[in-house]
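Listed here are the chains, written in short residue letters.
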Amino acid sequence: MDYDQICKNVLGIDPKVRFAGICDETGETKYGGMREGLTSLLSPQESQKSNLQAVGRWGLRKSLTSKTGRGIYAMTQYEKLTRITIPLDDDHLLVVTTEVDADHRNIINNTLKLIQQ
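A brief structural summary.

Calculation criteria
Residues numbered from 1 in each chain as written. Predicted model: local features only at pLDDT ≥ 70, side-chain atom pairs only at ≥ 80, totals over all residues. Heavy atoms only, no water. Patch = residues over 30% accessible without salt bridge, like charges linked within 9 Å, V, L, I, M, F, W, Y side chains within 5 Å. Areas by Shrake-Rupley, 256 points an atom, 1.4 Å probe, with all protein chains shown as cover. Salt bridge = Lys/Arg side-chain N within 4 Å of Asp/Glu carboxyl O. Helix = DSSP H or I, 4+ residues; strand = E, 2+ residues; numbered from the N terminus. Buried < 20%, exposed > 50% of the residue type's maximum accessible area, 1.4 Å probe, protein only. Pairing = 2+ DSSP bridges. Axes fitted to C-alpha atoms, helices over the stretch in contact; angles between N-to-C directions. 1 Å grid on protein atoms, 1.4 Å probe; cavity = no way out; pocket = protein on both sides within 12 Å on 5 of 7 lines; lining within 4 Å. Points joined across faces, edges and corners; volume = space filled by probe spheres on them. Nonpolar A, V, L, I, M, F, W, Y, C, P; charged D, E, K, R; others polar.

### Observations regarding a nonpolar patch on the surface
Item 1. On the surface, a nonpolar cluster with roughly 260 Å² of combined accessible area is contributed by Ile72, Tyr73 and Met75.
Item 2. Tracing the chain through its elements places Tyr73 in the loop between helix H3 (65-68) and strand S3 (74-77).
Item 3. Given a relative accessible area of 39%, Tyr73 falls into the partly exposed group.

### Remarks on the sheet that holds S3
Item 1. Taken together, five strands build an open sheet; the order of strands is S2-S1-S5-S4-S3 and the sheet is antiparallel. Only two strands of the sheet have a single partner each, and these edge strands are strand S2 (29-34) and S3. Strand-to-strand twist of the sheet, defined as the mean angle between neighbouring strand axes without regard to direction, takes the value 15°.
Item 2. The sheet contact formed by strand S4 (residues 82-87) and strand S5 (residues 93-98) spans six bridges and is antiparallel. If you follow Ile84 over to S5, its bridge partner there is Val96.

### A short note on empty space enclosed by the protein
Picture a little ball the size of a water molecule; that probe, rolled over the atoms, points out where space is still empty.
Item 1. Scanning the model with the defined rule gives one cavity of 30 Å³ or more in all.
Item 2. Roughly 50 Å³ of internal volume is contained in the largest cavity.
Item 3. Considering every element that reaches the lining of the largest cavity, the biggest residue donor is helix H2 (residues 44-62), with three residues.

### Overview of the layout of surface pockets
Item 1. Computed from the structure, the largest pocket encloses a volume of approximately 460 Å³.
Item 2. Along the walls of the largest pocket sit 21 residues, with Ser40, Leu42, Ser47, Ser50 and Thr97 positioned nearest its centre.
Item 3. Only strand S1 (17-23), S2, H2 and S5 provide two or more residues apiece to the lining of the largest pocket.
Item 4. Here the element with the most residues in the lining of the largest pocket is H2; it accounts for five residues.
Item 5. The calculated volume of the second largest pocket comes to roughly 270 Å³.
Item 6. What lines the second largest pocket is a set of 16 residues, and nearest its centre among them are Arg70, Gly71, Ile72, Pro87 and Leu88.
Item 7. For the lining of the second largest pocket, the elements supplying multiple residues, two or more each, are H2, S4 and helix H4 (104-116).
Item 8. Looking at the lining of the second largest pocket, its residues break down into eight nonpolar, three polar and five charged.

Here you go:
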């Protein structure tokens, strides 16, 4: 997978996508970033901490895979943004943040199509 291109394509799905990045198991964003012209609500350290928490939650979800099946995506709605996480492989997580009023179903469906190509 071309991770940089995936992030660019996700940003192109909808102008309300604020961020598309791929982090590793340490929570560090390795590919992608913020939409040009926007400022992150979190500092780089806070973003890494948030990503690391998401990685941990996906680890917990994996422990239930035999009963629930593989997780496809998770979405968390906050007051100021929405975060969508999608596992790409054992070592990488796609993190997408959007405006609260974005069409999340469309963004998720189109993102899943992109990564399945």
